[in-house]
Amino acid sequence: MFLIDFTRTVLGSMRKLTFLKCALLLCCFAGLAACGGGSDGGAASGSSSSSSSSSSSSGSSTSSSSSSSSSSSSSSSSSSSSSSSSSSSSSSGGDALACQHEMAPALLSASATTMVQAEYYDTCASSALDNTSGNSGGELRTDDVDIVAIADGYAITDMQPGEYVEYSLTVQTSGLFDISFAVQPHAANAAGLALSLDGSVLGTVDIAANDSTAFGEYTLNGVYISDGAQVIRVTMAGEGAAIGLDSIAFNYTDNIVYTPENAVLGMGIGINLGNTLDAFPNEGDWAPAAQEYYFKAYKDAGFRHVRIPATWDDHTADTAPYAVNAARMDRTEQIVDWALAQGYFVILNAHHEHWLKENYGNQTYRDRFDAIWQQIAERFKNKSARLMFEILNEPNGMTVADVDDLNPRILDIIRETNPTRLVVFSGNGYTPVDALLAAAIPNDDYLIGNFHSYDPWQFGGQCVRSWGTEQDYTDLENIYKRANTWSEQHDIPVMVNEFGAAHYDFTAPQNVCNQQARLAYLGAHATFAIQYGFGASVWDDGGSFEVYKRGENSWREAKDVLVAPNP
């Protein structure tokens, strides 16, 4: 800490040095992340900021009428823990970090606001575009970007339409950010700043005309940024305007930790992305492959969480160390990021692992499954706390004793890298409520109990009986009552992450369920789940249990019945 504080103090007195001298000094002091110090302290320094949230799939913008000589006059850090919704995402900055600015990338922390000074953009040839030759401000750097001295440092000036600058970031924890730009507006013409990552626009903030020469704050709310190395681009949008840019502040607005109780209350009714990553051998074999727009459609429809079933067998080596295929892991992360970007809770699991379920006594198979979870836990350890892990879907073929051995062992593996991530566990078999009640409860503070219900299966899956009598409603509610009693006894919240009713029995397509009975049944599940405080995920497989028409981006009639009880 002494070296960091000393370096920042020295750099704080050297804002008027050339960029090269500043970089050389940083090299002498172990390549620290800030070039400069105090209030305008280089690539990244702490800055106080209050958090706000907004529901927008592309990042909503707000502006502040208050202004000052510079927006970077504050130097304290502030934590943030409010939840918000989202925008588009990207999982990696790729090779862009090989050509970054001389100091280390700005570190985006989940516990403090990070301030990035506009003038310290990356140094790659493609890292900035200025349509006029030369630095008209004559300060700090020798490329074409116009930089001027201001009261407490430097700022980009005369930023014209289409011009951009890029910044390398290291994101500590993926999640939603409120991103504030300190901007000097054009006196007569409105403008905008577009924020993009890997070519995808995350949002655009509007800059109203203002004849004041002061810098004001303009904010994009609820922008999702994935963890790890990222490169963002800030582009001037609009016509006929020229603006100044002093700094960019990143304020993390996701909760850092969720209690199981708060998470389940926030989950409401959600939906499964079924027959997709869980299909074997490959995604797309059973249903259309996942697309980013599915997740926006889920959110727009009113669903509050998404479960992503995933089968790992065909993508994992058969011999130690049982490596998961890199392309499969990358694809899974991309889909998880698409879901997290929408601001709701997300569940990732191990699904059709029949090789394990039918041979649990085989030590090699147990070792292989352990290795799969070690890799999942490691890969996703820096994701938003809204991501949950589910140990194993429907351990059919395993005994109660098998499941009681599996659950705590996998939980211990997860806890090595994810000490507070929410974990979903269940009993054996097809995980009816009786199996949850019979299962041993691992000793852990971040657990959610789970069961499935298509009861009675003769209606919910086979379409060979009717449903809708008073007794039918009573029988279904009794399932929820029993789970609720268990929840209250053990102080563990509950979810039912599969329920549903088929349009037809896919093994006997001539058996078709009555549509009105289906809607009544699905509505009853949703109502009971909300009534008893459970999260519940309708099964949607793109086929006989279809709720969302993926190819058409439209919905079956059941959608309105399902989301109606959501708060």
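Residue positions are given per chain, counting from 1 as you read along its sequence in written order. Under the rules for a predicted model, residues below a pLDDT of 70 receive no local features and side-chain atom pairs below 80 are neither given nor counted, while totals for whole chains, interfaces and linings still include all residues. Side-chain metrics in this entry use all non-hydrogen atoms of the structure; hydrogen atoms and water are not considered.

(A) Quick peek at the confidence of the model for the protein. Scored by pLDDT, the protein comes out at a mean of 86, with 82% of its residues at no less than 70. Between residues 1–58, whose pLDDT stays under 50, and residues either more than four places distant or in other chains, the model counts 154 contacts. The pLDDT score gives, residue by residue, the confidence of the prediction method on a 0 to 100 scale. Any two residues having at least one pair of non-hydrogen atoms within 4.5 Å are treated as being in contact. Confidence drops under pLDDT 50 across residues 65–97; counting only partners more than four residues distant or on other chains, this segment forms 136 contacts.

(B) The arrangement of the nonpolar core in detail. The biggest cluster of nonpolar side chains holds 90 residues, and the ones touching the most others in it are Phe295 and Phe451. Secondary structure elements are taken from DSSP: a helix is a run of H or I of four residues or more, a strand is a run of E of two residues or more, and numbering for both begins at the N terminus. In terms of residue count, helix α12 (residues 515–531) provides more of this core than any other element does, eight residues in total. Counting residues in each nonpolar core, the second largest holds 41 residues, with Ile147, Val165, Ile179 and Leu193 among its members. For the purposes of this section, nonpolar cores are sets of buried Ala, Val, Leu, Ile, Met, Phe, Trp, Tyr and Cys residues that join through side-chain atoms within 4.5 Å. Accessibility here uses a 1.4 Å probe with only protein chains present; expressed as a share of the type maximum, an area under 20% marks a residue as buried, one over 50% as exposed, and anything in between as partly exposed.

(C) Main features of helix α8 (residues 400–417). With 18 residues, α8 extends 27 Å between its outermost C-alpha atoms, agreeing within 8% with the 26 Å of an ideal straight helix rising 1.5 Å per residue. Within the span of α8, buried status applies to Asp402, Val403, Leu406, Asn407, Ile410, Leu411, Ile413, Ile414 and Arg415. The secondary structure elements touched by the buried residues of α8 are α7 (363–379), β18 (387–390), β19 (423–425) and β20 (447–453). Working rule for helices: expected span equals 1.5 Å times residues minus one.

(D) The state of the cysteines, seen in detail. The disulfide definition used here is simple: a pair of cysteine sulfur atoms within 2.5 Å. In total, this model carries one disulfide according to the counting rule given. Residue Cys463 pairs covalently with Cys513 via a disulfide, S to S 2.0 Å. Disulfide Cys463-Cys513: the torsion about the S-S bond is -100°, which places it as left-handed. Of the two residues, Cys463 is situated in the loop between α10 (457–460) and α11 (470–490) and Cys513 in the loop between β23 (508–512) and α12; the sequence distance between them amounts to 50 residues. Owing to a relative accessible area of 9%, Cys463 belongs among the buried residues under this scheme.

(E) Just helix α5 (residues 326–340), in detail. The terminal C-alpha atoms of α5, which comprises 15 residues, lie 21 Å apart, in line with the 21 Å expected from a rise of 1.5 Å per residue. Here α5 has its buried residues at Arg328, Met329, Thr332, Glu333, Ile335, Val336, Asp337, Trp338, Ala339 and Leu340. Elements in contact with the buried residues of α5: β12 (215–225), α4 (292–301), β16 (305–308), β17 (345–349), α7 and β18. One side-chain oxygen of the residue at the start of α5 lies 2.9 Å from the amide nitrogen of Ala327, identifying that residue as Asn325. Under the rule applied, a polar contact is a pair of N or O atoms within 3.5 Å (in protein, one hydrogen donor and one hydrogen acceptor; residues adjacent in sequence only if both atoms are side-chain atoms).

(F) View of empty space enclosed by the protein. Using only the protein atoms, space was sampled on a 1 Å grid; points where a 1.4 Å probe fits but cannot get out form cavities, open sets with protein on both sides within 12 Å along at least five of seven lines form pockets, and lining residues are those with an atom within 4 Å of a point. Grid points are joined across faces, edges and corners, and a volume is the space filled by probe spheres set on the points. This model, assessed by the stated rule, comprises two cavities of 30 Å³ or more. Estimated volume of the largest cavity: approximately 50 Å³. In terms of lining residues, the largest cavity is bounded by Leu129, Asp130, Val145, Asp146, Ile156, Thr157, Asp158, Met159, Glu163, Tyr164 and Val165. Here the lining of the largest cavity gets four residues from one element, more than from any other, and that element is strand β7 (residues 153–159). In this count, Pro and Cys sit with the nonpolar residues alongside Ala, Val, Leu, Ile, Met, Phe, Trp and Tyr, while Asp, Glu, Lys and Arg are called charged and the others, Gly among them, polar. Of the residues in the lining of the largest cavity, the class split is six nonpolar, one polar and four charged. Forming the walls of the second largest cavity are Ile391, Leu392, Pro395, Val403, Leu406, Asn407, Val424, Phe425, Ser426 and Gly427. Those elements that place two or more of their residues in the lining of the second largest cavity are α8 and β19.

(G) Expanded view of the packing of aromatic side chains. We call Phe, Tyr and Trp rings a pair once their centres come within 6.5 Å, taking the six-membered ring for Trp, and we label the pair stacked below 30 degrees between planes, edge-to-face above 60, and tilted otherwise. One pass over the structure, following the stated rule, counts 26 aromatic pairs. Note on Tyr548 and Trp555: the rings are 4.6 Å apart at their centroids and 40° apart in plane angle, and the pair reads as tilted. The class of Tyr548 is buried, set by a relative accessible area of 0%. Taking relative accessible area as the criterion, Trp555 reaches 21% and is therefore assigned partly exposed. Of the aromatic side chains, those joined through ring pairs into one cluster are Tyr293, Tyr294, Phe295, Tyr298, Phe303, Trp338, Tyr548 and Trp555. By the criterion adopted, a ring carries a charge over it if an Arg CZ or a Lys NZ lies within 6 Å of its centre and within 35 degrees of its normal. Looking at Arg368, its charged tip hangs above the ring of Trp355, at a distance of 4.5 Å from the centre. Sitting over the face of the ring of Phe389, Arg421 holds its NZ or CZ atom 5.4 Å from the ring centroid.

(H) Quick look at the packing of α5 against α7. With axes taken as lines fitted to C-alpha atoms, and helix axes fitted only over the stretch in contact, angles between N-to-C directions fall between 0 and 180 degrees. Here α5 crosses α7 at 50°, and the two axes come no closer than 11 Å. Taken together, the axes of α5 and α7 are oblique relative to one another. Crossing of α5 over α7 shows right-handed handedness. Mapping the contact onto sequence places Met329, Asp330 and Glu333 in α5 and Gln375, Ile376 and Arg379 in α7. Residues of the contact of α5 with α7, tallied by class, amount to two nonpolar, one polar and three charged. Angular relationships are summarised with four words: roughly parallel below 35 degrees, roughly antiparallel beyond 145, roughly perpendicular across 65 to 115, and oblique for the angles in between. A clockwise turn of the near helix away from the far one marks a right-handed crossing, whereas an anticlockwise turn of less than a right angle marks a left-handed crossing.

(I) Region of interest: the pattern of salt bridges. A pairing counts as a salt bridge when a side-chain nitrogen of Lys or Arg comes within 4 Å of a carboxyl oxygen of Asp or Glu. Summed over all chains, the structure comprises 21 salt bridges. The closest approach of N and O atoms between Asp227 and Lys383, which form a salt bridge, is 2.6 Å. Taken together, the positions of Asp227 in the loop between β12 and β13 (228–237) and Lys383 in the loop between α7 and β18 put the pair 156 residues apart, joining distant regions of the chain. Residue Asp227 shares its accessibility class with Lys383, and that shared class is buried.

(J) Structural view of the side chain of Ser168. Considering the arrangement of structural elements, one finds Ser168 in strand β8 (residues 164–171). Judged by relative accessible area, which is 1%, Ser168 ranks as buried. A polar side-chain atom of Ser168 sits 2.6 Å from a polar atom in the side chain of Asp122.

(K) Spotlight on the sheet that holds β18. Pairing between strands is defined by DSSP: at least two bridges between them are needed. Around the barrel, which closes on itself, the eight strands sit in the order β15-β16-β17-β18-β19-β20-β21-β24 with parallel pairing between neighbours. The mean inter-strand angle of the sheet, taken between neighbouring strand axes irrespective of direction, is 25°. As paired strands, strand β21 (residues 494–499) and strand β24 (residues 535–538) are joined by three bridges and run parallel to one another. Within the sheet, the bridge partner assigned to Met495 lies in β24 and is Gly535. Strand contacts of α5: β16, β17 and β18, with the helix running at about 160° to β17, the strand carrying the most contacts. Across the sheet, α12 lies against β15 (269–272), β20, β21 and β24, angled at about 125° from β15, the strand it touches most.

(L) Here's a closer look at the pairing of strand β14 (residues 243–252). The buried fraction of β14 amounts to ten of the ten residues, a majority that puts the element mostly inside the structure. Where strand β4 (residues 114–117) lies against β14, four bridges are found, and the strand directions are antiparallel. Paired with Gln117 across the bridge in β14 is Ser247. Relative to β14, strand β9 (residues 175–184) is paired through eight bridges, and the arrangement is antiparallel. Counterpart to Val183 in the pairing with β14 is Leu245.

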